[in-house]
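Residue-level structure breakdown
The residues making up each chain are set out below.
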Amino acid sequence: MTEHQLVDAGACEAQPESCAPAGAAPAREVEKLRGRITADGSSGYPAEPGRYHVYVSWGCSWSSRAAVVRRLKGLEEVVSLSYVDDSTDERGWIFGGASGPDPVNGFSRLREAYEATVPHWPGRASVPALWDRVTGRLVSNESGGISLDLSTQFDAWSSTGADLYPEPLRPRIDAFNAWLHHDINNGLHRVGHQADPVEHARFFTILFDRFDELERRLTGSRYLFGAEVTEPDVRLWLSLVRLDTAYPGLLATSLDRPEGFPALWAYARDLYRLPAFRETTNFAVIRQNFADNFDQLHPERVVPAQSLQSWTESQWEIAG
Ligand SMILES: N[C@@H](CCC(=O)N[C@@H](CS)C(=O)NCC(=O)O)C(=O)O
């Protein structure tokens with residue numbers, strides 16, 4: 001199995017504005033590592049306690065998937081995880097600062113993990129990055145695969161027994177995640193990087209249309225797929241919390257939508273009350289990340305302060 005290959009999909013996911021129109025050459029190629037962990041070891045990377053480590057960033061929604069899923073599954077003692085520093089420089093993510101040093105390899109930059117995997121790594125050194133202590137290399141830098149592998153392949157050691165990707169729902173979950181990806185997971189990047197006011201407004205209309213669909217879905221359903229949290233709830237929530245931080249009041253009430261999205265907003269706060277979501281979220285870093293990176297979102301480079309209290313107010317009491 002090829003462990004890494006040049007594809008343009010990563011660039012599209014991270015920064016869709018860098019993607020070329022269909023049929024044209026991609027504007028920029030991003031190298032992706034696509035190894036997968038399997039419970040039976042058939043992929044070459046068997047699930048084993050203590051073997052794998054995930055590098056993530058507090059600000060990055062893609063990498064936060066691994067942090068939330070790991071907590072929901074109760075895999076803290078099984079798969080280790082650490083944070084890169086909150087800011088990057090021209091050569092990418094650095095270890096240190098408030099997040100502390102790299103606890104696994106003692107690297108000073110995340111790029112060193114990539115170079116240990118593929119000499120002269122040609123792409124960006126992105127998070128999430130899943131490290132294998134046995135082979136001394138990265139397995140994957142693809143958030144979707146890492147999230148699903150943590151959701152399914154370590155069940156023998158899960159202290160919660162949560163089933164985040166139930167077998168009978170998998171085709172529906174896969175279809176939902178694909179739907180979610182384009183306009184919502186990437187929605188923030190689309191609106192945040194769009195300078196043209198007409199396009200900016202168009203992306204917002206699409207986003208609100210998707211929110212309307214979710215509002216209907218979540219009216220009468222506690223989570224996306226019923227009474228239990230599943231993996232797509234993680235994907236949706238990480239985007240919602242960032243969109244609502246970038247545009248305070250987006251879910252509750254805003255100029256464009258005074259009535260807000262009551263079911264979606266209640267759902268978002270409901271999930272925030274779970275430690276797996278709350279303790280892997282840092283509003284200050286998310287806010288700063290927008291101020292630094294999303295010029296079109298807030299040209300003055302200041303993101304409005306948001307009341308954390310609104311996220312902690314609940315419309316209902318959580319049972320159990
Ligand atoms: N397609 C990737 C996207 C990951 C990604 O865009 N990570 C960003 C942070 S949110 C990153 O690390 N970028 C590194 C850089 O741009 O140097 C995934 O879903 O895992």
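The model shown is predicted, which means the values in this text are computed figures rather than measured ones.

Here the focus is the pairing of strand S4 (residues 80–83). Looking at chain direction, strand S3 (residues 52–56) and S4 are connected through four bridges and run parallel. Note that in S4 the partner of His53 across the bridge is Ser80. Of the crossover connections in this fold, the one passing from S3 over helix H2 (residues 61–73) to the parallel S4 is right-handed.

Moving on, we get to the side chain of Asn185. With respect to the helices and strands, the residue Asn185 is situated in helix H5 (residues 170–185). Separated by 3.1 Å, the side chains of Asn185 and Arg65 make a polar contact.

Moving on, we get to H5. Taking 1.5 Å of rise per residue, 16 residues should cover 22 Å, yet H5 covers just 19 Å from first to last C-alpha, more than 12% shy of that figure. Of the positions making up H5, those classed as buried are Ile173, Phe176, Asn177, Leu180, Asp183, Ile184 and Asn185. At its buried positions, H5 is contacted by H2, helix H6 (187–193), helix H7 (197–218) and helix H8 (231–246).

Below, the discussion takes up the pattern of salt bridges. In the structure shown here, the tally under the stated rule is 18 salt bridges. We note a salt bridge from Arg170 to Glu167, for which the minimum N-O separation is 3.6 Å. The network of salt bridges with common partners includes Arg71, Glu76, Arg278 and Glu279.

Before going further, it helps to spend a moment on the confidence of the model for the chain. Regions with low pLDDT carry predicted coordinates that are not meant to be interpreted in detail. Summary statistics for the chain give a mean pLDDT of 85 and a share of 83% for residues scoring 70 or more. Segment residues 1–29: pLDDT under 50, and 55 contacts once partners within four positions in sequence are set aside and those in other chains are kept. Confidence drops under pLDDT 50 across residues 316–320; counting only partners more than four residues distant or on other chains, this segment forms 10 contacts.

Let's shift gears to the environment of Thr38. On the secondary structure map, Thr38 appears in the loop between strand S2 (30–33) and S3. Separated by 115 residues in sequence, Thr38 and Gln153 have C-alpha atoms that sit 5.6 Å apart. Aside from chain neighbours lying at most four places away, what touches Thr38 is Ser43, Tyr45, Pro46, Ala47 and Gln153.

What follows covers the packing of aromatic side chains. Counted by the stated rule, this structure contains 20 aromatic pairs. Seen in terms of ring centroids, Phe208 and Phe211 are 6.2 Å apart; in terms of plane orientation they differ by 25°. Their pairing is stacked. Of this pair, Phe208 and Phe211 both sit in helix H7, three residues apart, which is roughly one turn of that helix. Classification of Phe208 as buried rests on a relative accessible area of 8%. Judged by centre distance (5.9 Å) and plane angle (50°), the ring pair of Phe283 and Trp311 falls under tilted. Here Trp311 lies in helix H12 (residues 308–312) and Phe283 lies in helix H11 (residues 283–293), a separation of 28 residues in the sequence. There is no split in this pair, since Phe283 and Trp311 are both buried. Members of the aromatic cluster, each reached through a chain of ring pairs, are Trp237, Trp265, Tyr272, Phe277, Phe283 and Trp311. The lysine or arginine in question, Arg217, covers the ring of Phe225, its NZ or CZ lying 4.7 Å from the ring centre.

Taken in spatial order, the four strands of this open sheet run S4-S3-S7-S8, and their pairing is mixed. Here the strands that pair on one side only, and so sit at the sheet edges, are S4 and strand S8 (137–140). Taken over all neighbouring pairs, the strand axes of this sheet differ in orientation by 35° on average, direction set aside.

Cut-offs applied
- Residues numbered from 1 in each chain as written.
- Predicted model: local features only at pLDDT ≥ 70, side-chain atom pairs only at ≥ 80, totals over all residues.
- Heavy atoms only, no water.
- Pairing = 2+ DSSP bridges.
- Helix = DSSP H or I, 4+ residues; strand = E, 2+ residues; numbered from the N terminus.
- Right-handed = clockwise from strand over helix to strand, strands pointing away.
- Polar contact = N/O pair within 3.5 Å; in protein donor to acceptor, adjacent residues only side chain to side chain.
- Expected span 1.5 Å × (residues − 1).
- Buried < 20%, exposed > 50% of the residue type's maximum accessible area, 1.4 Å probe, protein only.
- Contact = heavy atoms within 4.5 Å.
- Salt bridge = Lys/Arg side-chain N within 4 Å of Asp/Glu carboxyl O.
- pLDDT = per-residue confidence, 0-100.
- Phe/Tyr/Trp six-rings, centres within 6.5 Å; stacked < 30°, edge-to-face > 60°.
- Lys NZ or Arg CZ within 6 Å of the ring centre and 35° of its normal.
- Axes fitted to C-alpha atoms, helices over the stretch in contact; angles between N-to-C directions.

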